[in-house]
Protein chains: 12
Amino acid sequence: MSVPIKSTLDAEAQRITGDALRASVVDLIDLSLIAKQAHWNVVGPNFRPLHLALDELVTAARGFTDDVAERATSIGVSPDGRAQTVAKEAAGLGFPDGWQQDTDVITAIVDNLATVIGRFRERIDTTEKSDPVTQDLFIEIAARLEQLHWMWQAQLATA
Amino acid sequence: MSVPIKSTLDAEAQRITGDALRASVVDLIDLSLIAKQAHWNVVGPNFRPLHLALDELVTAARGFTDDVAERATSIGVSPDGRAQTVAKEAAGLGFPDGWQQDTDVITAIVDNLATVIGRFRERIDTTEKSDPVTQDLFIEIAARLEQLHWMWQAQLATA
Amino acid sequence: MSVPIKSTLDAEAQRITGDALRASVVDLIDLSLIAKQAHWNVVGPNFRPLHLALDELVTAARGFTDDVAERATSIGVSPDGRAQTVAKEAAGLGFPDGWQQDTDVITAIVDNLATVIGRFRERIDTTEKSDPVTQDLFIEIAARLEQLHWMWQAQLATA
Amino acid sequence: MSVPIKSTLDAEAQRITGDALRASVVDLIDLSLIAKQAHWNVVGPNFRPLHLALDELVTAARGFTDDVAERATSIGVSPDGRAQTVAKEAAGLGFPDGWQQDTDVITAIVDNLATVIGRFRERIDTTEKSDPVTQDLFIEIAARLEQLHWMWQAQLATA
Amino acid sequence: MSVPIKSTLDAEAQRITGDALRASVVDLIDLSLIAKQAHWNVVGPNFRPLHLALDELVTAARGFTDDVAERATSIGVSPDGRAQTVAKEAAGLGFPDGWQQDTDVITAIVDNLATVIGRFRERIDTTEKSDPVTQDLFIEIAARLEQLHWMWQAQLATA
Amino acid sequence: MSVPIKSTLDAEAQRITGDALRASVVDLIDLSLIAKQAHWNVVGPNFRPLHLALDELVTAARGFTDDVAERATSIGVSPDGRAQTVAKEAAGLGFPDGWQQDTDVITAIVDNLATVIGRFRERIDTTEKSDPVTQDLFIEIAARLEQLHWMWQAQLATA
Amino acid sequence: MSVPIKSTLDAEAQRITGDALRASVVDLIDLSLIAKQAHWNVVGPNFRPLHLALDELVTAARGFTDDVAERATSIGVSPDGRAQTVAKEAAGLGFPDGWQQDTDVITAIVDNLATVIGRFRERIDTTEKSDPVTQDLFIEIAARLEQLHWMWQAQLATA
Amino acid sequence: MSVPIKSTLDAEAQRITGDALRASVVDLIDLSLIAKQAHWNVVGPNFRPLHLALDELVTAARGFTDDVAERATSIGVSPDGRAQTVAKEAAGLGFPDGWQQDTDVITAIVDNLATVIGRFRERIDTTEKSDPVTQDLFIEIAARLEQLHWMWQAQLATA
Amino acid sequence: MSVPIKSTLDAEAQRITGDALRASVVDLIDLSLIAKQAHWNVVGPNFRPLHLALDELVTAARGFTDDVAERATSIGVSPDGRAQTVAKEAAGLGFPDGWQQDTDVITAIVDNLATVIGRFRERIDTTEKSDPVTQDLFIEIAARLEQLHWMWQAQLATA
Amino acid sequence: MSVPIKSTLDAEAQRITGDALRASVVDLIDLSLIAKQAHWNVVGPNFRPLHLALDELVTAARGFTDDVAERATSIGVSPDGRAQTVAKEAAGLGFPDGWQQDTDVITAIVDNLATVIGRFRERIDTTEKSDPVTQDLFIEIAARLEQLHWMWQAQLATA
Amino acid sequence: MSVPIKSTLDAEAQRITGDALRASVVDLIDLSLIAKQAHWNVVGPNFRPLHLALDELVTAARGFTDDVAERATSIGVSPDGRAQTVAKEAAGLGFPDGWQQDTDVITAIVDNLATVIGRFRERIDTTEKSDPVTQDLFIEIAARLEQLHWMWQAQLATA
Amino acid sequence: MSVPIKSTLDAEAQRITGDALRASVVDLIDLSLIAKQAHWNVVGPNFRPLHLALDELVTAARGFTDDVAERATSIGVSPDGRAQTVAKEAAGLGFPDGWQQDTDVITAIVDNLATVIGRFRERIDTTEKSDPVTQDLFIEIAARLEQLHWMWQAQLATA
């Protein structure tokens, strides 16, 4: 395969930034699939608000997936978001099989979000030098995921 | 794990219908990931119309995924749409790694659609007795996928 | 009274289909009145999500009422949805008087839905031969009511 | 049953206002069912404009039903809008069974409106002292029903 | 001419289904042209409601034309909706030349609808085995045309 | 009063065009007041379609009033649309006092429209030389008024 | 002329309320014509904000005209909003001919508003007994006109 | 048949203008049917942009059909847009049967557009004297068709 | 400071009404700030429905603040909604610092609403004579706040 | 360069019309750039209404630029709207560098509009014979520019 | 009180960032209350554009308040936006009591904006190390406030 | 000329940032004019997708022009976007005269985008110290232009 899209970054910056972006694609697809899985399998008294909140998370994760994948293409790096790649490389903590109690769903989502946020915090550092444009996107993603992280935590918390 | 959602189908009908629905969830998620992969990696003179047409396919596949997953829950069957399950069980033909020429993308999408449609044609037969409500959903999905199948073929065809 | 609207069905098919449709009008109006009654009288910690979910049920029941009543007129059968007729003939389980605890509301709605769905499952069989057009409408109604049935059950369930 | 919603009215004002509101719920549901019944069963040269005008009446009656029922809850009174209650207690004049000629429909709607408006005129007086907030709602309802009363009369009138 | 679009149906099912679909294209275009013709040429006291109702019929007929034509392409059959083909092959009863009295328009539309509905009722039988996906589309079309048939009849009827 | 807005027309063209525009303002305001008067006072079996059609005429007349008044200002001529001016100078045929039978309303509107259209036909000739921009606006107004003229006539006509 | 619309008010209440409503129709049409006249003829540095604010006044006056005229019809009284009637009977202060300086326009609008508001204040008293429904409408109109009165005054005021 | 709609044109002007309008109805319906035919039967690499562009042409042709037909009625001339009339009298060049290669579709559309535009150019001349209102409509139609003519040519052109 | 906005009320009526309006501005701003504070600081299993319901309360309070402040200006009284004024003069019960358990939030909102509603009930009496226009606004505000009062209570209640 | 787009005009008409259109493209782009320049650089008490009014002018100028450029292509003439061409050939009076007082901005816009309108008035004459379709577009542009010319003058005027 | 929301920042970064965010909540609420106060109390010839511009400022300030408060919660810090806190801690310059001349309003808003912008400029520096996500939000706020600062200055400026 | 807008930046930072912003205004206007030029003059098989894609580029360039120009004003620097300035100072590569083949258009757009992106990459560095608010805007612009750069390249590329 040739290299059909030229980058406006130098080779080293492209490699560092591209690796961060490709890993982000995988993490975000995994997060969207986990959230959909929970959206369908949650049971318990809080079913309805969680069912709705999980679709907001799906929407956020899908939108960011497109953003990072198209940022990769914009710097000449081919993104890989196929099921096999996601199954192998995603950093998330996964989600159990079958129906899930509402409180367990909250815990699972909080933990998955914490893991993914941690990865984006690292990528903000990694790309500071290599590409401020990509870093800006990672900052935007972290901001939204941390907001969701608070909202999901708030459902577990006691004042 | 207990069985928290009671079905209005008898056990046998539930089993047959549930298997068909769970397999459909997996196929449709896979199809949506393949279409997104192509959306990002297509290159060539027809980039723009294909880029847009692939997102229409993503939208269709995602909408039907939700429909079949929530039909499964409606008959008391837990759907499984996690990345690992999709990677293992999807019936599609997959999609190659990296940038892809526009004509190759068309062929790959036509072939994947043909495979998935074949599976839905079988499920229409399987569920005729077990659950006409689910059959009706499969008929609707087949109708739309066959329409897309024509549109994608039309780009390859010569009169 | 003369017979002002001619049917495209023969007399026997018209009788069978018309009976099913007239009974459906009654059941669905009753369901919409029960759901509104619950919408106003529910109390308890889950007030807000139930208050909203009950209005979704009202919207569904009202829309289907119009569909089945206008399907009856389409085959030359006059529908009857007056309060006295509904009070006498509805198949639902009713709803108690006065303020109701949120958990009791969920149980009452699940039970009413199960009863009404059972009736529509029978009508799907009854009309298969007499009028596939009406059967198709009953399938669509069953699909939506079973989806709501799952969502209401899910609030009671434990995984 | 306990009294779960505290009122900002004193007991006597609450009783007077609550009775007026509970009766209004019943009258308005009955009116909406009568209008729907006519919407389906009207025949004659003016079918189309009447079919549409009847749905405007349904929309008005349904909206006001919700307003008065939620005004009842706002002052701590449980509303009762179940089919059996409506069948027993509604003040309207009812509507005949089966297909109805367009001119007969107009007369029936004009008469039902006149009856219901008369009841609201009384309630405006009754609640002037007991609760000006509820009175204001009754004034708004009377204004709209009298407007519809004119429009339905205008179809019968000769200049 | 080669056969550029492959079908997911076998040759016999494709032939039976394709014939039904091609005939439907012709009938529906004819119906839409008749309704437009009436929309322009109707005169009489009921001009306005008929003028509007005829455009609803045009909209329905045009939408279904596209549905059946694209269903034909989806199974690899080329549809033919050219003026000459419609003029030769349409099953409708036609419409007279020049200005038309409103009552005559109603009769003409009722009769044309009855003829076309009869043809779709036959096609529902014909395609039950050959292609349930196409049958489902014919059922949807029959449902809407029968609803319009009632509404147009209701303008002629006496209770 | 000075002449605050300069015209791009010469004095003679401005005078001819300005006179035509000022007279149009008066005629169109009068037409809109007549249509509103009829909108409120019409009675009879066709009340509803006429009530709606009259508001379409009001909307058209009001829109064109603004167009011609602002065209006058655009060529430096002050328009005069005050009640006294309209009462004195309008060319329309007026409208009787009090409730009006629906058939009489149709006749009155047809006659008023014919009178006003006649005046605009003359103004199209008058302004051909003096200002093609104003002529274009008069042509657009005549087109719409003649369309309404047909629709109102059609309600009186017999084929 | 017969009396085609029956009132739910007694004769005396109808007479008092009807007179107030008929006079309101005239005042509000006059106000809307004055505001349009000013909208076209205002000149000066504040042209643009005044040009826009005058159209808000037109919109308010036109909406209220329809409300009071249809309230008149609702109690069986025929409204009269023809140009000649407005020219003769309107209570407003009028508006001078030709182009007007922006500051003069503000003064003229403030004065006209004050006059019309004064009349509505009287009508609120007059109708308190005769018809609380009409009184409620007059209160709503006064509220909006007094808000506009402040906004127009504010442009003249110095703190 | 009597002549139910009176014209504001004299008999000769009505005849000339009416003939031009009736011929336009036929040409535009034919153009819309040809464009739909191409919309369904086009194949080749440019399928998608052509499929969409053809529906824009359908939309334009249908809108103008209504405009010219209602202009005919506005001058008292009955339009004729029935399939048989279109098949006999349309001026277009037609379109071949069956699937069509994308490049052939472009040529066919360009040629049909050129023929129809030529006819409208003639009608602009013909109606200049007989009816400037109709001429203005023909100018608007020519402007849009010539814009589409450029866009379709541009796909064949080489710079 | 001079008195730039003239009132249509006499001095005494202006003073009484103005005092009621100025106090309302302060109470409603305070209520909106309390609801926002709760919106951010609520934690617990019912976080999500409360978080949303609190923003509905904010929207209501902000809208009414503008209404009462502009009603004050409409009668020539300057409103004061600055932070210092609100902190000193608001009648509400306040809200504690820091994170708050969901059940505590409900109690705090119910109590604050009850206090504010009590004040508006008094103002309805106070302004009955001084200004029915302002009274009408207070009635509207009380109606909405009492509806919210019921909804917030319903979350604490047991049937 | 070849001549890829064929014209429906003859060579002479195409030359005359094409020259007028190409010059219009240049004038209108210049006008839109001047209006944007003023939008950013205006200062003074009338900043806000001018800032907004200038963007309306930009919107009008941009829309007409597209109309005239695509009218040129429709008759086979290539438009030229590049910065260098605009800088060289625009007929406008330009706009000074740096911040501008609001009154100076009004004068500059009025003068630029007058110049451009003068050019369009000439083009209306020039194209009357060569192409009535293009003339119609120039008339529409003149109508809108003269309306804006009035509005901008009105801000300078004294009555 | 416990610490219910865990932060993804370390304790020191959380403290620095949290202090900046809590102070921002207070400043922005104060700014929104000042702008509303001015919105109601401004008088003078520029009343209308200022009245509208002040509501844009309110909208901006309210939106940013929510953003910074929810950013605080996202890092585990409880925001405090109660009236008493705002009255004590806001950095703004305040706003005088009573009606205000339009020119004085402009000066007051410009000065308040300058003060608040200065504080956000400092916070951009402070949070550069402690939390780039929060810094990005402060940059966005500064950008919008500086744009408003220009627009408000522009109304005072002379070129 | 005085300096009417005060900056919140010191003189040196204002100079550096202002120069970058003024150059950006010029580059982006030039880019929007080039894209419009191509939008009109492109010919060839890919006309339609390019015609649409070029308008997306115009929209992006125009939006960013306003952003950078108003960022300049926000820091007290007057932007200059007049045609003469753009013609002299734009950094883009220009675009040839007359009709252009579709493949040549793609190359020209890719090259122009690459040049402009290079300039924004430099400005991101330049403004890092002088003004992080402006730098953030440049990052956002670079992100979008690089995305478009990929999409345009993708049409030329081979995998």
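Residues numbered from 1 in each chain as written. Chains lettered and ligands numbered in written order. Predicted model: local features only at pLDDT ≥ 70, side-chain atom pairs only at ≥ 80, totals over all residues. Heavy atoms only, no water.

Where we set the bar: UniProt positions are given in the numbering used here, feature names are shortened, and annotations may be inferred rather than shown by experiment.
Looking at an unreviewed UniProt entry, one finds chain A named DNA starvation/stationary phase protection protein and attributed to Nocardia cyriacigeorgica. The heading Sequence similarities (unreviewed entry) in the UniProt record of chain A holds the text "Belongs to the Dps family."

### Describing the pattern of salt bridges
Definition in use: By convention in these notes, a salt bridge is any Lys or Arg side-chain nitrogen within 4 Å of a carboxyl oxygen on Asp or Glu. Starting at the N terminus, helices and strands are each numbered in turn, a helix being any DSSP run of H or I of at least four residues and a strand any DSSP run of E of at least two. When a residue's accessible area, from a 1.4 Å probe over protein chains only, is under 20% of the maximum for its type it is buried; when over 50% it is exposed; and in between it is partly exposed.
For the coordinates displayed, the defined rule picks out 156 salt bridges over all chains. With its nearest N and O atoms 3.7 Å apart, the salt bridge here joins Asp19(H) to Arg15(H). With Asp19(H) and Arg15(H) both in helix H1 (residues 11-41) and four residues apart, the pair spans about one turn of that helix. Judged by its relative accessible area of 46%, Arg15(H) is partly exposed. Connected through salt bridges with shared partners, the residues Arg71(A), Asp131(A), Arg121(L) and Glu146(L) form a single ionic network.

### Considering the relation of the copies chain A and chain L
Put simply, the test is: The superposition of copies rests on a least-squares fit of C-alpha positions from residues with pLDDT of 70 or more in both. Residue contacts follow a heavy-atom distance rule, with two residues in contact if any of their heavy atoms lie within 4.5 Å.
The transformation that overlays chain A on chain L combines an axial shift of 0.0 Å with a rotation of 120°, and the residual RMSD is 0.0 Å. Each copy turns onto its partner about a three-fold axis. Taking the C-alpha atom as reference, chain A places Asp136(A) closest to the rotation axis, 4.8 Å from it. Each copy contacts the other with its own distinct surface, as only 7% of the interface residues of chain A are interface residues in chain L too.

### Remarks on helix H5 (residues 132-154) of chain G
Helical periodicity: at 3.6 residues per turn, an α-helix aligns residues three or four positions apart in one direction. Worth spelling out the cut-off: Working rule for helices: expected span equals 1.5 Å times residues minus one.
The end-to-end C-alpha separation of H5(G) is 33 Å, in line with the 33 Å expected for 23 residues at 1.5 Å each. Among the 23 residues that make up H5(G), 20 are buried, leaving the element largely enclosed by the rest of the structure.

### Digging into the confidence of the model for chain A
Here is the rule we go by: Each residue carries a pLDDT score, the predictor's own confidence in it, on a scale running from 0 to 100.
Residues at a pLDDT of 70 or more form 99% of chain A, whose mean pLDDT is 96. ipTM for the predicted complex: 0.96, alongside a pTM of 0.96.

### Comments concerning the UniProt feature "domain: Ferritin/DPS" (unreviewed entry) in chain A
The UniProt feature table records "domain: Ferritin/DPS" (unreviewed entry) at residues 19-157 of chain A. Measuring from the first to the last C-alpha atom of residues 19-157 of chain A gives 36 Å, for a span that is 79% helix and 3% strand.

### Focus: the interface of chain I and chain K
The test is simple: In short, buried area is how much 1.4 Å probe accessible area vanishes from two parts on joining, totalled over both. What qualifies as a polar contact is a pair of N or O atoms within 3.5 Å, subject to a donor-acceptor requirement within protein and to the restriction that residues adjacent in sequence count only when both atoms come from side chains.
Contact residues are listed per partner, giving 37 residues for chain I and 37 residues for chain K. Carbon and sulfur atoms supply 61% of the area buried between chain I and chain K, which totals about 3,100 Å² over both sides. When residues of chain I are sorted by the area they lose upon contact with chain K, Trp40(I), Arg82(I) and Trp99(I) head the list and together hold 26% of the total. Linking Arg82(K) and Asp97(I) is a salt bridge whose minimum nitrogen-to-oxygen distance equals 3.5 Å. Counting across the interface, chain I meets chain K through 18 residue pairs in polar contact (both at pLDDT 80 or more).

### Some remarks on the interface of chain A and chain L
Listed as interface residues are 15 residues of chain A and, on the opposing side, 17 residues of chain L. Taken over both partners, the interface formed by chain A and chain L buries close to 1,300 Å², and the fraction arising from carbon and sulfur atoms is 58%. Counting across the chain A and chain L interface gives two salt bridges. The partner of Glu146(L) in a salt bridge is Arg71(A), with the nearest N and O atoms 2.7 Å apart. For the interface between chain A and chain L, the tally reads five residue pairs in polar contact (both at pLDDT 80 or more). Residue assignment for the side of chain A that touches chain L shows that the elements contributing at least two residues are helix H2 (47-74) and helix H5 (132-154) of chain A. No other element matches the four residues that H2(A) contributes to the side of chain A that touches chain L.

### Structural notes on the relation of the copies chain I and chain K
Least-squares fitting of chain I to chain K yields an RMSD of 0.0 Å, with the transformation described by 0.0 Å of translation along the axis and a rotation of 180°. Expressed as an axis order, the relation between the two copies is that of a two-fold axis. In this assembly the copies share their binding face: 100% of the residues contributing to the interface of chain I also contribute to that of chain K.

### Structural notes on the arrangement of the chains
For the non-touching pair chain B and chain J, the nearest C-alpha separation works out to 21 Å. One finds no contact linking chain C with chain L; the least C-alpha distance across the pair is 39 Å.

### Re the environment of Thr8(J)
Here Thr8(J) lies in the segment before helix H1 (11-41). In terms of polar contacts, Thr8(J) uses its side chain to reach the side chain of Glu146(H), at 3.0 Å.

### Observations concerning a negative patch on the surface
For clarity, the threshold we go by: The residues that make up patches have over 30% relative accessible area and no salt bridge, and they are joined within 9 Å when like-charged or within 5 Å when they are Val, Leu, Ile, Met, Phe, Trp or Tyr. Note on areas: Shrake-Rupley with a 1.4 Å probe; residue coverage comes only from the protein chains shown. Asp and Glu count as negative and Lys and Arg as positive, but His and the ends of the chain are not part of the count. Charge coordinates come from a single atom per side chain, which is NZ of Lys, CZ of Arg, CG of Asp or CD of Glu.
Judged by side-chain charge, Glu122(A), Asp125(A), Glu128(A), Glu122(K), Asp125(K), Glu128(K), Glu122(L), Asp125(L) and Glu128(L) come together as a negatively charged surface patch. When residues of the negative patch are traced back to their parent elements, those giving at least two are helix H4 (102-130) of chain A, helix H4 (102-130) of chain K together with helix H4 (102-130) of chain L. Considering the arrangement of structural elements, one finds Glu122(A) in helix H4.

### A short note on the packing of helix H1 (residues 11-41) of chain F against helix H5 (residues 132-154) of chain F
Residues and elements named next belong to chain F. As a reminder of what qualifies: Every axis in this analysis is a line fitted to C-alpha atoms, fitted for helices over the stretch in contact. Angles between the N-to-C directions lie between 0 and 180 degrees. By definition in this entry, angles of less than 35 degrees are roughly parallel, angles greater than 145 are roughly antiparallel, angles of 65 to 115 are roughly perpendicular, and the rest are oblique. By convention, the crossing between two helices is left-handed when the near helix turns anticlockwise from the far helix through less than a right angle, and right-handed when the turn is clockwise. Three categories are distinguished: nonpolar for Ala, Val, Leu, Ile, Met, Phe, Trp, Tyr, Cys and Pro, charged for Asp, Glu, Lys and Arg, and polar for the others, with Gly belonging to the last.
Look at H1 against H5: their axes get within 11 Å of each other, and the N-to-C directions meet at 25°. Between H1 and H5, the angle is such that the two are roughly parallel. Crossing angle aside, the handedness with which H1 passes H5 is left-handed. Of the residues in H5, those in contact with Thr 17, Ala 20, Leu 21, Ser 24 and Leu 31 of H1 are Thr 134, Phe 138 and Leu 145. Counted by class, the contact of H1 with H5 contains five nonpolar, three polar and no charged residues.

### Some thoughts on the environment of Asn112(H)
All names here are of chain H. Among the structural elements, Asn 112 can be located in helix H4 (residues 102-130). The class of Asn 112 is buried, set by a relative accessible area of 2%. The spacing of Asn 112 and Ala 142 is 30 residues in sequence and 14 Å in space, taken between C-alpha atoms. With residues up to four places along the chain from it excluded, the contact list for Asn 112 reads Leu 31, Ile 34, Gly 92, Leu 93 and Gly 94. A polar contact is formed between the side chain of Asn 112 and the backbone oxygen of Gly 94, at a distance of 3.0 Å.

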